[in-house]
Number of protein chains: 4
Amino acid sequence: MARGVNKVILVGNLGNDPEMKYTQGGMAICTLSLATSSVRKDKEGNQQERTEWHRVKLFGKLGEIAGEYLKKGRQVYIEGEIRYDKFTGQDGVEKYFTDIIANEMQMLGGGGEGGGGRSERPARPAGGRPSGGGDYGNRGGGGGGSAPQRSDDPFPDDDIPF
Amino acid sequence: MARGVNKVILVGNLGNDPEMKYTQGGMAICTLSLATSSVRKDKEGNQQERTEWHRVKLFGKLGEIAGEYLKKGRQVYIEGEIRYDKFTGQDGVEKYFTDIIANEMQMLGGGGEGGGGRSERPARPAGGRPSGGGDYGNRGGGGGGSAPQRSDDPFPDDDIPF
Amino acid sequence: MARGVNKVILVGNLGNDPEMKYTQGGMAICTLSLATSSVRKDKEGNQQERTEWHRVKLFGKLGEIAGEYLKKGRQVYIEGEIRYDKFTGQDGVEKYFTDIIANEMQMLGGGGEGGGGRSERPARPAGGRPSGGGDYGNRGGGGGGSAPQRSDDPFPDDDIPF
Amino acid sequence: MARGVNKVILVGNLGNDPEMKYTQGGMAICTLSLATSSVRKDKEGNQQERTEWHRVKLFGKLGEIAGEYLKKGRQVYIEGEIRYDKFTGQDGVEKYFTDIIANEMQMLGGGGEGGGGRSERPARPAGGRPSGGGDYGNRGGGGGGSAPQRSDDPFPDDDIPF
DNA sequence: TTTT
DNA sequence: TTTT
């Protein structure tokens, strides 16, 4: 449920390979550094390029897929929401972070499913449980089997003609 | 899962009260007629208004909420996807329909929960099944509530669009 | 200006080469056939694929770029709005069309600028005037030269820090 | 022009009246504090509400309209892009800011044009220049010059924060 | 058929 | 700091 809309849509390229972490419960947390750039003219009429680097987080099953298939340089579509966080460091200084919490991801430019091949990174650490379960960032995360790559399903029940 | 992105975002006003139907399995199908209009200048520089009427469908729990709380004239935010359908009438003529299949809905302009009050329309026909937990939009679904249910012909009435 | 929001975001692949037409005033009208598909499980648990074919129109400068650089099979990002039209044929039968009127386009998957090379299609017919002018579908469409590939500019004036 | 997509869509309520500033050139800069909140269940199954406060900036004509018509508490639709900035304070400490740069705005919930009445704040400071035609959002702009341009290396690699 |  |  929501009071309001907080939606982000990004198409960009990865500046680095994905970074993987796992919660104690074994849930994947994948962090991407994603560049979107645009060109405009400044006051003197010169071309000016500006790049925004987005910190994108993908949780659970979606994070695992991202960690397996994405690599530095790849182009990706991300849909999610903005989350602002504040931490106070040991030095007592407050630090602010802005993350994009993804709820959908699409690899672009071909190579979709098997395309470039999986990375060598292990998909999950020993001891992790089969994901899916106790998600806390990923809305939905289909309990069951398949890997929908999206956590919104417009068809809640399945007796809909398809 | 998806190969591609098909996303629609609408903010508009209802031209009529929602229309409710139910599958044999008891799933709600709510249809909205939603207006979005824009003004531009034509070649002569005159203000020209144009209104698009979107046919929006909401299924399941989301459809029930829409049917209960929305009314003619209300402003609403819809997120969903475009679906094109073709039916051949008894006269052999093909008919084309474009629907927006909603996966998120937000009532706008206050009155959200108790606001204008529920409509008098019955929320569900006799025999319908109870409809699970309370959540706008249906990211995820799964987990808690109602079980999927089979119906032999999910769309008994639906060879009559509109 | 608008009373409401009517926004579409698509990522898909072209089913065909772009079709080009030109108004009497010389403005380009480019039509794309764009596929977005999704996979779900039906009631029996089988994978079911469904593809939507969107008819996308790009006007003016944006249409010329599309006509030059896009080709059958290419993946593209489109942002625009839905427009419903009704025509009555010579047989007296009403026909309905749904178009996506693009206001932004991004070629995906590399090959952006020079990528696969321009198509052989002429960019503009003899006698056409240098485009840009008499737009009727394209909001904005910079009168003069430049090729912004987007018609929204968040920086209306240029004394903005960049 | 853009290499990538950086798009934000927000529907929320203003936490305060808009703040207006003006550049030396007289261009308006309107800053909004916009709340979007969502409710989910935490691990214990309790309802947890979380609110994000977005800092939204609107420039030029759009900023003037926002400054005149918006007020604390009003609900608004914003479309724009994310911009990350870093400033170094006089104390030598780096500070990070995330702004949403709006390119479209829609007041929601009625009261659109004359609704609540204009605020008492002056619309523009003395010396400001007049600010062009009247249109919400600013599709269009453009006019001027240059051709698309390639940048040699769009991805200067990995001097990326985070 | 809505809304401002 | 908003809203329901």
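- Per an unreviewed UniProt entry, chain A goes by the name Single-stranded DNA-binding protein and belongs to Arenimonas soli.
- Quoted verbatim from the Function (unreviewed entry) field of UniProt, the annotation for chain A is "Plays an important role in DNA replication, recombination and repair. Binds to ssDNA and to an array of partner proteins to recruit them to their sites of action during DNA metabolism."
- Taken directly from UniProt, the Subunit (unreviewed entry) text for chain A runs: "Homotetramer."

Digging into the overall build of chain A
Part 1: Looking only at helices and strands, chain A features one helix and seven strands.
Part 2: When the helices and strands of chain A are read in sequence order from the N terminus, they spell out β-β-β-β-β-α-β-β.
Part 3: Buried residues in chain A amount to 55% of all 162 residues.
Part 4: For chain A, restricting intrachain contacts to residue pairs at least 6 apart in sequence, the fraction spanning at least 24 positions comes to 65%.
Part 5: When the accessible surface of chain A is split by element, carbon and sulfur atoms take 47% of a total near 6,800 Å².

Quick word on the interface of chain C and chain B
Part 1: Taken together, the contact pairs 34 residues of chain C with 33 residues of chain B.
Part 2: Buried surface at the junction of chain C and chain B, summed over both partners, amounts to about 2,800 Å²; 46% is from carbon and sulfur atoms.
Part 3: For the chain C face of the interface with chain B, the top three residues by lost area are C:Arg3, C:Val5 and C:Tyr84, together amounting to 21%.
Part 4: Taken together, the connections running from chain C to chain B amount to four salt bridges.
Part 5: B:Arg40 serves as the salt-bridge partner of C:Glu81, at 3.4 Å between the closest nitrogen and oxygen.
Part 6: Applying the counting rule to chain C against chain B returns 16 residue pairs in polar contact (both at pLDDT 80 or more).
Part 7: Those elements that provide at least two residues to the side of chain C that touches chain B are β1 (2–3), β2 (5–14), β4 (28–41), β5 (47–59), β6 (75–88) and β7 (94–107) of chain C.
Part 8: Per-element accounting of the side of chain C that touches chain B gives the leading share, eight residues, to β2(C).
Part 9: Each residue belonging to the side of chain C that touches chain B can be placed in one class, and the counts come to 13 nonpolar, 10 polar and 11 charged.
Part 10: For strand β1 (residues 2–3) of chain B and β4(C), the ladder comprises two bridges, and the chain directions are antiparallel.

Structural notes on the nonpolar core
Part 1: With 46 residues, the main nonpolar core has A:Leu58, A:Ile78, A:Met105, D:Leu58, D:Ile78 and D:Met105 as its most contacted residues.
Part 2: Core analysis: the next-biggest nonpolar cluster, separate from the first, contains 42 residues, B:Val56, B:Ala66, C:Val8 and C:Ile65 among them.

Looking at helix α1 (residues 60–69) of chain C
Part 1: Burial runs high along α1(C): nine of the 10 residues are buried.
Part 2: All of the buried residues in α1(C) are C:Gly60, C:Leu62, C:Gly63, C:Glu64, C:Ile65, C:Ala66, C:Gly67, C:Glu68 and C:Tyr69.

Remarks on the relation of the copies chain C and chain B
Part 1: Placing chain C over chain B gives an RMSD of 0.1 Å and needs a rotation angle of 180°, together with 0.0 Å of translation along the axis. Taken together, the rotation and translation relating the two chain copies correspond to the operation of a two-fold axis. Residues of chain C ranked by C-alpha distance from the rotation axis are headed by C:Val8, positioned 2.3 Å from it.
Part 2: Mapped onto chain B, 88% of the interface residues of chain C again fall at the interface, so both copies present the same surface.

Focus: the interface of chain D and chain A
Part 1: Contacts between the two partners involve 39 residues from chain D, matched on the other side by 42 residues from chain A.
Part 2: A buried area of about 3,700 Å², summed over both sides, lies between chain D and chain A, and 48% of it is on carbon and sulfur atoms.
Part 3: Linking chain D with chain A are four salt bridges, by the criterion used here.
Part 4: Of all the elements, strand β2 (residues 5–14) of chain D adds the most residues to the side of chain D that touches chain A, at eight residues.
Part 5: Counted by class, the side of chain D that touches chain A contains 16 nonpolar, 13 polar and 10 charged residues.
Part 6: The sheet contact formed by strand β2 (residues 5–14) of chain A and β2(D) spans seven bridges and is antiparallel. What sits directly across from A:Lys7, in β2(D), is D:Ile9.

Rules used throughout
- Residues numbered from 1 in each chain as written.
- Chains lettered and ligands numbered in written order.
- Predicted model: local features only at pLDDT ≥ 70, side-chain atom pairs only at ≥ 80, totals over all residues.
- Heavy atoms only, no water.
- UniProt positions renumbered as here; feature names shortened; annotations may be inferred.
- Helix = DSSP H or I, 4+ residues; strand = E, 2+ residues; numbered from the N terminus.
- Buried < 20%, exposed > 50% of the residue type's maximum accessible area, 1.4 Å probe, protein only.
- Contact = heavy atoms within 4.5 Å.
- Areas by Shrake-Rupley, 256 points an atom, 1.4 Å probe, with all protein chains shown as cover.
- Buried area = accessible area lost by both parts, 1.4 Å probe.
- Salt bridge = Lys/Arg side-chain N within 4 Å of Asp/Glu carboxyl O.
- Polar contact = N/O pair within 3.5 Å; in protein donor to acceptor, adjacent residues only side chain to side chain.
- Nonpolar A, V, L, I, M, F, W, Y, C, P; charged D, E, K, R; others polar.
- Pairing = 2+ DSSP bridges.
- Core = buried A, V, L, I, M, F, W, Y, C linked by side-chain atoms within 4.5 Å.
- Least-squares fit on C-alpha atoms with pLDDT ≥ 70 in both.

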